[in-house]
Amino acid sequence: MPEISKSYEPRDVEAKWYAAWQEAKCFSAPTPAPGQEHYTIVIPPPNVTGILHMGHVLNNTLQDALIRRARLEGKAACWIPGTDHAGIATQTMVEKHLKKTEGKGRRDLGREEFLKRVWAWRGEKGDHILKQLRELGCSCDWDRTHFTMDPGYSRAVLTSFIKLFDQGHIYRGKRMVNWCPVSLTALSDEEVEMKPTKGHIYRLRYELVEPSTTTDAEGNTLPLTHLVLETTRPETIAADVAVAVHPDDPRYTHLVGKKVWRPLGERIQIPIIADKAVDPAFAAGALKVTPAHDKVDFEIGQRHGLPVIDSINADGTMNELAGPELAGLERFAARKKAAEILEQRGNLIEAKPYENNVGYSQRAGVPIEPRLTQQWWLRYPRVEEAKAVVRDGLIRMHPERWSKVYLNWLENIQDWCISRQLWWGHRIPVWYAKGVDREKLTEADLRDPKKIHVSLDGPADPENWVQEDDVLDTWASSWLWPFATLGWPDAEAQAKANFSHFYPTTTLATGADIIFFWVARMIMAGLEFAAPGASIEQRIPFKHVYFNGIVRDKQGRKMSKTLGNSPDPLDLIQKYGADGLRFGLLQIAPLGQDVKFDEDRIESGKNFCNKLWNACRFRQMSGPMSDNSSLAAILARIDAKQLDDDDHALLAALLEVQALLEKCFADFEFAAATQGLYTFFYSDFCDWYVEVAKARFAEPAARDHVLAVQDLVIRQFLLLFEPFAPFITEELWSLLGYVGSSLADDRARVGADENRHSQANALQANLPRFIQDARIGTAEDLRGALAERNVHLDTAAAGRVAKLKATVTLARQLKADKAVAQKRDVLFSVVAEDATWTALDSASAKFTRLAGAASLARAASAPALPAIVTPLGTLYLDTGVKVDAAAERARLTKELEAVKKHIAGTEARLGNESFTSKAPPAVLEGARKQLADQQAKRAELERLLAALG
RNA sequence: GGACGCUUAGCUCAGUUGGUUAGAGCACCUCGCUUACACCGAGGGUGUCGGGGGUUCGAGUCCCUCAGCGUCCA
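The model shown is predicted, which means the values in this text are computed figures rather than measured ones.

Calculation rules
Position labels on residues start from 1 in each chain and follow its written sequence. Following the order in which they are written, the chains are lettered starting with A and the ligands numbered starting with 1. A pLDDT threshold of at least 70 governs which residues receive local features in this predicted model, and a stricter bar of 80 or more applies before side-chain atom pairs are shown or counted, although totals over entire chains, interfaces and linings include all residues. Side-chain measures were taken over the full set of non-hydrogen atoms in the model, leaving aside hydrogen atoms and water. Secondary structure elements follow DSSP: runs of H or I of four or more residues count as helices, runs of E of two or more count as strands, with numbering from the N terminus. Only the C-alpha atoms count toward the radius of gyration. The rule for a globule is 2.2 Å times the residue count to the power 0.38. Throughout, exposure labels follow a simple rule: accessible area from a 1.4 Å probe, protein chains only, divided by the maximum for the residue type, with under 20% read as buried, over 50% as exposed, and the rest as partly exposed. Using a 1.4 Å probe, accessible areas were evaluated by the Shrake-Rupley method; residue-level cover was limited to the displayed protein chains. Note on charges: Lys and Arg go in the positive column, Asp and Glu in the negative column, and His and the chain ends are not counted at all. The atom standing in for a charge is NZ when the residue is Lys, CZ when it is Arg, CG when it is Asp and CD when it is Glu. Note on pairing: two strands pair once DSSP finds at least 2 bridges between them. Centres within 6.5 Å make a pair out of two Phe, Tyr or Trp rings, where for Trp the six-membered ring is used; the pair is then stacked when the planes are under 30 degrees apart, edge-to-face when over 60, and tilted otherwise. For helices, the fitted axis covers only the stretch in contact; all axes are lines through C-alpha atoms, and the angles between them, taken along N-to-C directions, range from 0 to 180 degrees. For classification purposes, angles smaller than 35 degrees are called roughly parallel, those larger than 145 roughly antiparallel, those between 65 and 115 roughly perpendicular, and all remaining angles oblique. Crossing chirality is assigned from the near helix's rotation relative to the far helix, an anticlockwise turn below a right angle marking it left-handed and a clockwise turn marking it right-handed. Two residues qualify as a contact provided that any one of their heavy atoms is within 4.5 Å of a heavy atom in the partner residue. Residues are grouped as follows: Ala, Val, Leu, Ile, Met, Phe, Trp, Tyr, Cys and Pro are nonpolar; Asp, Glu, Lys and Arg are charged; every other residue, Gly included, is polar. In this text, buried Ala, Val, Leu, Ile, Met, Phe, Trp, Tyr and Cys residues form a nonpolar core when linked through side-chain atoms within 4.5 Å. Salt bridges are defined as contacts in which a side-chain nitrogen from Lys or Arg sits within 4 Å of a carboxyl oxygen from Asp or Glu. Polar contact is the term for a pair of N or O atoms within 3.5 Å; when the atoms are in protein, one must be able to donate a hydrogen and the other to accept it, and sequence-neighboring residues count only if both atoms are side-chain atoms. Every residue is assigned a pLDDT by the predictor, reflecting its confidence on a scale from 0 to 100. A helix is expected to reach a length of 1.5 Å times the quantity of its residues less one. To be clear, the arc concerns the directions from the helix axis to the C-beta atoms. Throughout this document, a residue counts as near a molecule or strand when at least one of its heavy atoms sits within 4 Å of that molecule or strand. Cavities and pockets were defined on a 1 Å grid built from protein atoms only: a cavity is a group of points that admits a 1.4 Å probe but offers it no way out, a pocket is an open group of points flanked by protein on both sides within 12 Å along at least five of seven lines, and a lining residue is one with an atom within 4 Å of any such point. Grid points are joined across faces, edges and corners, and a volume is the space filled by probe spheres set on the points.

Caption draft 1: Local environment of the overall build of chain A. A count of helices and strands for chain A gives 34 helices and 29 strands. The C-alpha atoms of chain A give a radius of gyration of 38 Å, which is well past the 30 Å a tight globule of 949 residues would have. Its C-alpha atoms give chain A principal-axis dimensions of about 115 × 80 × 55 Å. Across the 949 residues of chain A, 54% fall into the buried class. Surface summary for chain A: the accessible area is close to 41,300 Å², and the carbon and sulfur share equals 52%. Between the averaged position of the 119 positive side-chain charges in chain A and that of its 126 negative side-chain charges there is a distance of 2 Å.

Caption draft 2: Main features of the pairing of strand β22 (residues 505–511). Of all the seven residues making up β22, seven are buried; the element is thus mostly covered by neighbouring parts of the structure. Relative to strand β23 (residues 542–548), β22 is paired through six bridges, and the arrangement is parallel. Across the sheet, the residue bridging to Thr 507 is His 544, located in β23.

Caption draft 3: Representation of the packing of aromatic side chains in the model. One pass over the full model with this rule turns up 45 aromatic pairs. Their ring planes at 55 degrees and their centres at 5.7 Å tell us that Trp 402 and Phe 547 sit as a pair that is tilted. Taken together, the positions of Trp 402 in helix α11 (residues 402–411) and Phe 547 in strand β23 put the pair 145 residues apart, joining distant regions of the chain. A relative accessible area of 18% means that Trp 402 is categorised as buried. Among the residues examined, Phe 547 registers a relative accessible area of 1% and is labelled buried.

Caption draft 4: Just the packing of helix α1 (residues 10–23) against helix α19 (residues 569–587), in detail. Taken N-terminus to C-terminus, the directions of α1 and α19 make an angle of 60 degrees; their axes are 9 Å apart at the nearest point. On the basis of their axis angle, the class for α1 and α19 is oblique. The crossing of α1 and α19 is left-handed. Between α1, through Pro 10, Arg 11 and Glu 14, and α19, the contact on the second element is made entirely by Ile 573, Gln 574, Tyr 576, Gly 577, Ala 578 and Asp 579. By residue class, the composition of the contact of α1 with α19 is four nonpolar, two polar and three charged.

Caption draft 5: Spatial organisation of the nonpolar core. One finds Leu 480, Ile 523 and Phe 724 to be the most contacted residues of the largest nonpolar core, which totals 178 residues. Ignoring any residue separated from it by four or fewer positions in sequence, one finds Leu 480 in contact with Tyr 153, Ala 156, Val 157, Ser 160, Trp 488, Ala 525 and Phe 529. Core analysis: the next-biggest nonpolar cluster, separate from the first, contains 29 residues, Tyr 206, Val 245, Ala 286 and Ala 322 among them.

Caption draft 6: Structural context of the pattern of salt bridges. Here the structure, examined in full by the defined rule, presents 62 salt bridges. Across the pair Asp 64 and Arg 582 runs a salt bridge whose closest N-O atoms are separated by 2.8 Å. Placement of the pair is Asp 64 in helix α2 (residues 54–72) and Arg 582 in helix α19, with a sequence separation of 518 residues. Across this residue pair, the class does not change: Asp 64 and Arg 582 are buried. For Asp 469, the salt bridge is made with Arg 438, and the minimal N-O distance between the two is 3.3 Å. Of the two residues, Asp 469 is situated in the loop between β20 (465–467) and β21 (471–472) and Arg 438 in the loop between β18 (430–433) and α12 (443–446); the sequence distance between them amounts to 31 residues. Residue Arg 438 is classed as partly exposed on the basis of its relative accessible area, which comes to 22%. Salt bridges here are not isolated pairs; linked through shared partners, they connect Arg 233, Glu 235, Arg 331, Arg 335 and Glu 369.

Caption draft 7: Representation of the sheet that holds strand β15 (residues 396–398) in the model. Strand order in the open sheet made by the three strands is β15-β23-β22, with parallel pairing throughout. The sheet is open, and its two edges are formed by β15 and β22, each paired on a single side. The average undirected angle you get between the axes of adjacent strands in this sheet is 20 degrees.

Caption draft 8: Representation of the side chain of Thr 290. Tracing the chain through its elements places Thr 290 in the loop between β12 (286–289) and α8 (295–304). Engagement of the side chain of Thr 290 in a polar contact is seen with the side chain of Lys 288, the distance being 2.8 Å. The contacts of Thr 290, once residues within four sequence positions are left out, are Thr 236, Ala 239, Asp 240 and Asp 297.

Caption draft 9: Local environment of the confidence of the model for chain A. Per-residue pLDDT for chain A has a mean of 87; in total, 96% of the residues score no lower than 70. Within the model, the stretch residues 741–766 combines pLDDT values under 50 with 34 contacts to residues more than four positions away or in other chains. What the predictor reports for the complex is a pTM of 0.90 with an ipTM of 0.93.

Caption draft 10: Here's a closer look at helix α5 (residues 111–125). Look at α5: 21 Å from first C-alpha to last across 15 residues, which is about the 21 Å you get at 1.5 Å a residue. Residues of α5 that are buried include every one of Arg 111, Phe 114, Val 118, Trp 121 and Arg 122, and no others. Taken end-on, α5 shows its buried residues confined to a sector of 100 degrees, consistent with a single buried face. For α5, the exposed residues lying more than 90 degrees away from the buried face are Glu 112, Lys 116, Gly 123 and Glu 124. Of the surrounding secondary structure, the elements contacted by the buried residues of α5 are α3 (87–102), α4 (106–109), β4 (146–147) and β21.

Caption draft 11: Molecular detail of the environment of Ser 842. Tracing the chain through its elements places Ser 842 in helix α30 (residues 834–842). A C-alpha to C-alpha distance of 41 Å links Ser 842 and Glu 73, two positions 769 residues apart in sequence.

Caption draft 12: Here's a closer look at the protein's contact with RNA strand B. The environment of RNA strand B is formed by 44 residues, the closest being Arg 617, Gln 813, His 902, Lys 918 and Gln 930. Per the 4 Å cut-off to the protein, sugar and phosphate atoms form 62% of the nearby atoms of RNA strand B. In this structure, Ala 615 approaches RNA strand B through a main-chain N or O atom, which is 3.5 Å from a base nitrogen. Note that a base nitrogen of RNA strand B is positioned 3.0 Å from one of the side-chain N or O atoms of Glu 691. Among the secondary structure elements, those contributing two or more residues to the surface near RNA strand B are α20 (599–622), α23 (670–696), α29 (797–817), α32 (885–911), α33 (913–918) and α34 (921–948). For the surface near RNA strand B, the element with the highest residue contribution is α20, accounting for eleven residues. A per-class count over the surface near RNA strand B returns 13 nonpolar, 15 polar and 16 charged.

Caption draft 13: The sheet that holds strand β14 (residues 369–378), seen in detail. Taking strand neighbours across the sheet as the criterion, the four strands line up as β6-β5-β14-β16 in an open arrangement whose pairing is antiparallel. Looking at the sheet topology across the chains shown, the edges are occupied by β6 (185–187) and β16 (416–417). Relative to β14, strand β5 (residues 170–180) runs antiparallel, the two sharing ten bridges. By the bridge assignment, Trp 179 is partnered in β14 with Glu 369.

Caption draft 14: Broad picture of unusual backbone geometry. Of note, the amide linkage connecting His 398 to Pro 399 takes the cis form, showing an omega dihedral of -5 degrees. Locating Pro 399 in the fold gives a position in the loop between β15 and α11. Cis geometry marks the peptide bond from Trp 488 to Pro 489; its omega dihedral reads 10 degrees. The residue Pro 489 is located in the loop between α14 (481–484) and α15 (491–496) in this model. In this model, Arg 382 sits at a positive phi of 60 degrees, which is unusual for a non-glycine residue.

Caption draft 15: Layout of empty space enclosed by the protein. One pass over the structure, following the stated rule, counts one cavity of 30 Å³ or more. In this structure, the largest cavity spans a volume of roughly 60 Å³. Taken together, Val 157, Ser 160, Phe 161, Leu 164, Ile 170, Leu 378, Ile 418, Leu 472, Ala 476 and Trp 479 make up the lining of the largest cavity. Looking at the lining of the largest cavity, the element that brings in the most residues is helix α7 (residues 151–166), giving four residues.

Caption draft 16: Representation of the environment of Phe 499. Of note, Phe 499 is situated in helix α16 (residues 499–502). For the pair Phe 499 and Gln 934, spaced 435 residues apart in sequence, the C-alpha separation works out to 65 Å. Residues in contact with Phe 499, not counting those within four places in the same chain, are Phe 483, Leu 486, Gln 494 and Ala 530.

Set out below in structure tokens:
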């Protein structure tokens, strides 16, 4: 048995075990045995060229905890890793790099050459993050690693497009889209972020072609030469095709059908029209209608058959239709220029500072431009089913409130713009017959195989066709993730990946920020594609969605590169160990609430690991290691005759924490789980049991028994802790000789391990066996196993131990108060009734050891010494120093006041008739007992004070 | 404008279906290197549970309302 070193050094341990796990293929998903439950997780695929940040650490630690716990519970665990090609993000990165190093744009290279460069970039920078996840200890089945641009996955993406196209869910249309002038592509509504933006609003006069009149408040008729309207975008005036007013607005009804002069661009007359979309309360109640540059205006234009004048180029510069003064200018420069011209011409009444919501491209960070373009659109499939599965609880979201957000989005769902004007991505599998004008294709043309070809492999006569240039939105590939990673749609690949066992997946752990982007769409895709014709339960992509919080900095700000407030997880692993980082982070990650990152907590995680390490080290030093090779072997070493209150209390606490962990995993309560483990190990085990055990070691008969209890508790604790801290637990498991699982465990596992070494072979070959090969069992299993060994836990023991603990604490308090806290040779005596004295006397060795005293004696009468009232009698401390009566009086009086206050409160409650008649008996009884205890304490304190004179 | 979340010790947060004197970690103060651990041990202080109102024998917990902060959707 190698000796355990003085402190835990994570680095070597981590590297050693991760290599061993991989060598033994520990994380390979086994083929489930008949009746064996499966537990599947698909990783939210990070960007292929991304690097690990704190959000990933939290998200993946949670997944690893879930999957490792599932393994210990004997489930067939499968965690599928992989990466996302991240269309816009990756393409932008490579374009920037290209510009910097070669001074070229993608069009200078051409599509084919550019894609070569992106693949090279991916080869060089890609998959780093997967290596980093190994540092963190993640137990993914790496042989199942997927990438959304892999050949197999790409076929899945194209297949889904074709299926949806064939069913009429996909169409092509010229519509208003969110255009990003930097990335030069359309975006979906979800990729647009609304941000309040400071700018100006321009109050303008549009001159009437024929002057008219109006009526003021007093009924006087006044001349009217122009209309007043306000706009934030004067640069688009040349694209105005009308001015609209509300049909019921009495100020303007008589003007509808008349004309105004357009103040910019070619000097032409544009009509005044009436449309209900106009808000009469906004500004002067008139709206300039610019169908090419605003969604609402476009719809007004459609309703009134107005022309569309597109005055802005794809890159956000103005074209000649914006007028000679603005042509060529960038859109914001053009805005300024337009205002200047309007002012010169007398059309500008005033420019006021103004803040409104502007849509920004999430990726490029610039305002999007509403733009009329040809795009591919998807009418979502299975919308109603997608609502039903969440509403009916087939898919449960944690915390549950996100269901509402999800359902609300589905209620207001809009068609999805799935085409992107990028090159990096899945090129849309549509070919146009040569000579066909793509701009003028009708819905019927789309279904005409002479004009449009849609297939996986393209037309048989490619020379007569031209493929669509656009690629699909990245999310139109990742929405297939839960089943495309299990081989879909290829039957052979699905069989090989064990699709039928591992789908539906069990839990998806992700951030709520992608509930629409990803979660909702995966649900629809799963229902549509994963298992055609199967029941709805078999088609859903997952049963649980756990939304982890966002990791923020101490000030509550999102972590970002620009703020530089994001620590590098690898530095933290270096400093605190992967286990310390994992445990510390989960301690501060409440269910679905954002996490304020605090490095102190990570340090406390590390310290806890060190505490565990040393407790195990002490166990090793306390006596020879005996047979720890199975649960049964350890239980056989426990001597029921030797059980004392502390054993009972500790084992009861162990069962309790085991049950707590069962509940926490079921409810995704990770902070409560780590808290429970911490408290149990620190308070119940280290601070109390190990300390009292030192006193029991004096007796040889008790020694083996106590060590067996410790071995049992450490074993169970390691199993409970392993999902959170896999490295240290594996190391200690090995060092303390917990090599095997029980025979029953082994029998249960026969046949479950075709993919890896069988248990029998492992024994024969003496291969290392890992903690994950053991079975945790439930609290009730353990209770049963203890009962078989004639160990029946005494529920009253914990109460007696609590009393002794309290007495020890009070003794220490008294010592500290008398400035002899560190002395270990003081004398205690106690005045107590026979029953309490018996209890205390039987624990005398424990008491003197823990309180730090030479002896504890029973005093016949009250000595003239400093005293403290404890649950086990009044304790007197003899330090050999003369008693300071004044100080004693002050201390006792303070205590007495507190007791009196408490008594008064309890008496008042018990004196209230409605309390005594309505409160449940248990509460009532508790209050009465409390009152009696406090009254006894008061009497004793008063007696002590009187004795002081 | 709508929806949701948060507000408890100096800091970060627990606090299950209402029920003893509201807890933990960190920080802080005092003492201690007592043969597992100074990455530690012993002891200690700290709260009108955001404000106001209500229901109840009893409210941090349930209801109403107001305020502040945050997120999402329009």
